[in-house]
Amino acid sequence: MNLVFLGPPGAGKGTIAALAKERLGVPHISTGDLFRAAIKQETELGKQVKSILASGELVPDSVTVEMVRQRFENSDTDNGFILDGFPRTITQADALAEMRKIEYVINFQIGRDEIVKRLSGRRMAKSSGKIYHIIYNPPKVEGIDDETGEPLIQREDDKEEAILNRLEVYERQTEPLISYYREKGLLIDLDAKGKPESIIEALLKVLGQ
Ligand code: AP5
């Protein structure tokens, strides 16, 4: 199944994708994770995008599309995938349509207050990218990854100023994709409030799984 997860920052796309990939047996491709991995490895791409991610602006379409094109060369995407955070502009959506046929676009719906609560409390394991929340999904020991024992970090773009900019960027550049995909008959609205366990079940139900 070829899926796109669309929604504002902090809607829970990464959290639900981590559950859905196990249930659907397809890889989870997060463009944000791919950029963060490049930054960590200090590749040319990483150096190019580091300050863009910290500010919450979007990486140029040409760079992002090329990165996804290369990711699709891996045969693990032949039987389906979950795209999380891509496409984010109409230009990216048009480029995606030329690369792969998308079956469903899941539109994560959530209010602004909840987004700010989720993002400001998010913590992350740097090496695995595993996501926690200081209240909603805390680690067993405060500030420490359950699996590796490493200290958890807060993403640069989860600081207040960057959160507000990301929301503004989302509304301006990504929200138009809702009508774009609705008009193509691909969009499924998903209520992204409530517990992840309920949201994943609701998702699998609408997908007929
Ligand atoms: P990216 O990493 O994609 O960030 P994002 O879209 O802003 O999404 P987030 O990862 O912030 O949120 P999420 O919806 O995955 O929420 P999560 O599950 O983590 O992109 C980062 C940057 O990379 C961009 O700003 C841009 O610069 C660049 N970039 C990436 N893709 C690009 C593209 N296509 N084009 C150009 N530039 C691009 O959950 C958030 C928190 O809430 C967590 O703490 C979690 O534990 C908690 N939580 C989740 N679900 C629930 C729930 N149901 N109940 C309670 N808590 C929950």
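Nothing here was measured: the structure is a model prediction, and the numbers come from that model.

Participant: If you had to explain the overall build of the protein chain to someone new, which residues and values would you point to?
Facilitator: Looking only at helices and strands, the protein chain features nine helices and seven strands. Projected onto its principal axes, the C-alpha coordinates of the protein chain cover approximately 45 × 40 × 35 Å. Excluding contacts between residues fewer than 6 apart, the proportion of contacts in the protein chain whose partners are at least 24 apart in sequence is 68%. In the structure as shown, the protein chain presents an accessible area of about 11000 Å², 49% of it carried by carbon and sulfur atoms. In the protein chain, the 29 positive side-chain charges and the 34 negative ones have mean positions that sit 2 Å from each other.

Participant: Residues and numbers for the site of the ligand, please.
Facilitator: Near the ligand lie 36 residues; those nearest to it are Thr-15, Glu-57, Arg-88, Arg-122 and Arg-166. For the ligand, the accessible surface in isolation is 1000 Å², of which the surrounding protein chains cover 97%. Counting residues per element, the ones that place at least two in the shell around the ligand are α1 (13–24), α2 (31–40), α6 (112–120), β6 (131–133) and α9 (196–206). Per-element accounting of the shell around the ligand gives the leading share, four residues, to α2. Across the shell around the ligand, the residue classes break down as 14 nonpolar, 12 polar and 10 charged.

Participant: Talk me through unusual backbone geometry; I want residue IDs and the actual numbers.
Facilitator: Across the junction of Phe-86 and Pro-87, the peptide omega takes the value 0°, indicating a cis bond. For Pro-87, the location among the structural elements is in the loop between β3 (81–84) and α5 (90–99). With phi around 55°, Glu-42 is a residue other than glycine that occupies positive phi space. With a relative accessible area of 59%, Glu-42 lands in the exposed category.

Participant: I'd like to hear about the packing of aromatic side chains, residue by residue, with values.
Facilitator: Counted by the stated rule, this structure contains three aromatic pairs. Taking 5.0 Å as the distance between ring centres and 55° as the angle between the ring planes, the aromatic pair formed by Phe-5 and Phe-108 counts as tilted. On the criterion of sequence distance, the pair formed by Phe-5 in strand β1 (residues 2–6) and Phe-108 in strand β4 (residues 104–109) is long-range, its members being 103 residues apart. You'll find Phe-5 and Phe-108 in the same group, each marked buried. A cation sits over an aromatic face here: Arg-100 above Phe-72, 4.4 Å from the ring centre. Positioned above the aromatic ring of Tyr-180, the side-chain terminus of Lys-184 is 4.7 Å from the ring centre.

Participant: Go over α9 with me, naming the residues and quoting the values.
Facilitator: Taken together, the buried positions of α9 are occupied by Ile-199, Ile-200, Leu-203 and Leu-204. Looking straight down α9, one finds that the buried residues subtend no more than 135° of arc, so they occupy a single side. α9 presents Glu-197 and Lys-205 as exposed residues on the side facing more than 90 degrees away from its buried surface. Against the buried residues of α9 lie β1, α1, β4 and β7 (187–191). Looking one or two residues beyond α9, the residue adopting positive phi is Gly-208, at roughly 75°.

Participant: Can you lay out the layout of surface pockets for me, pointing to particular residues and giving the numbers?
Facilitator: Taken as a whole, the second largest pocket encloses approximately 620 Å³ of empty space. As for the second largest pocket, its lining consists of 20 residues, and the residues nearest its centre are Arg-36, Ile-39, Lys-40, Lys-126 and Ile-153. Broken down by secondary-structure element, the contributors of at least two residues to the lining of the second largest pocket are α2 and α3 (44–55). Classifying every residue of the lining of the second largest pocket by side-chain character gives seven nonpolar, five polar and eight charged.

Cut-offs used in this document
Residues numbered from 1 in each chain as written. Predicted model: local features only at pLDDT ≥ 70, side-chain atom pairs only at ≥ 80, totals over all residues. Heavy atoms only, no water. Helix = DSSP H or I, 4+ residues; strand = E, 2+ residues; numbered from the N terminus. Contact = heavy atoms within 4.5 Å. Areas by Shrake-Rupley, 256 points an atom, 1.4 Å probe, with all protein chains shown as cover. Lys, Arg positive; Asp, Glu negative; His and termini not counted. Charge placed at Lys NZ, Arg CZ, Asp CG, Glu CD. Near = heavy atom within 4 Å. Nonpolar A, V, L, I, M, F, W, Y, C, P; charged D, E, K, R; others polar. Buried < 20%, exposed > 50% of the residue type's maximum accessible area, 1.4 Å probe, protein only. Phe/Tyr/Trp six-rings, centres within 6.5 Å; stacked < 30°, edge-to-face > 60°. Lys NZ or Arg CZ within 6 Å of the ring centre and 35° of its normal. Arc of directions from axis to C-beta. 1 Å grid on protein atoms, 1.4 Å probe; cavity = no way out; pocket = protein on both sides within 12 Å on 5 of 7 lines; lining within 4 Å. Points joined across faces, edges and corners; volume = space filled by probe spheres on them.

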